[in-house]
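Spelled out, the chains give:
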Amino acid sequence: MSKLQSILSANAVDFINSNHLSFQQVKAINAITSCRTNNMGSHKLSCNCGHEKVVQNSCGNRHCPTCGTFKKELWVLQQ
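Bear in mind that the values here come from a model prediction, so they are computed numbers and not experimental data.

Chemist: Just to check I follow, could you spell out unusual backbone geometry for this structure?
Modeler: With the exception of glycine, the majority of residues adopt a negative phi angle, and the majority of peptide bonds are in the trans configuration. For R36, which is not a glycine, the phi torsion comes out positive at approximately 55 degrees. With respect to the helices and strands, R36 occurs in the loop between α2 (23-34) and β1 (42-46).

Here it is, written out as structure tokens:
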């Protein structure tokens, strides 16, 4: 869990209710707080040796520190 995700998870409802946020901002907060949790679901990774691992799905939101940073780095490499 990222630092931003832990802060938002603890205070998201209060923050949303006490500030005038756009729909997109609320959507980003919800995505970040749900990223790589059971709320986003999971999938199973397996290899030829038979080892399996369940991995939580990411949100894919560009504002998420986990998902957005990876996409930003890919974009920088392409430039």
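Chemist: Just to check I follow, could you spell out a nonpolar patch on the surface for this structure?
Modeler: On the surface, a cluster of nonpolar side chains totalling about 350 Å² of accessible area is made up of F70, L74 and L77. Among the structural elements, F70 can be located in helix α3 (residues 67-78). Given the relative accessible area of 54%, F70 is considered exposed.

Reading the values: the criteria
Residues numbered from 1 in each chain as written. Predicted model: local features only at pLDDT ≥ 70, side-chain atom pairs only at ≥ 80, totals over all residues. Heavy atoms only, no water. Helix = DSSP H or I, 4+ residues; strand = E, 2+ residues; numbered from the N terminus. Patch = residues over 30% accessible without salt bridge, like charges linked within 9 Å, V, L, I, M, F, W, Y side chains within 5 Å. Areas by Shrake-Rupley, 256 points an atom, 1.4 Å probe, with all protein chains shown as cover. Salt bridge = Lys/Arg side-chain N within 4 Å of Asp/Glu carboxyl O. Buried < 20%, exposed > 50% of the residue type's maximum accessible area, 1.4 Å probe, protein only.

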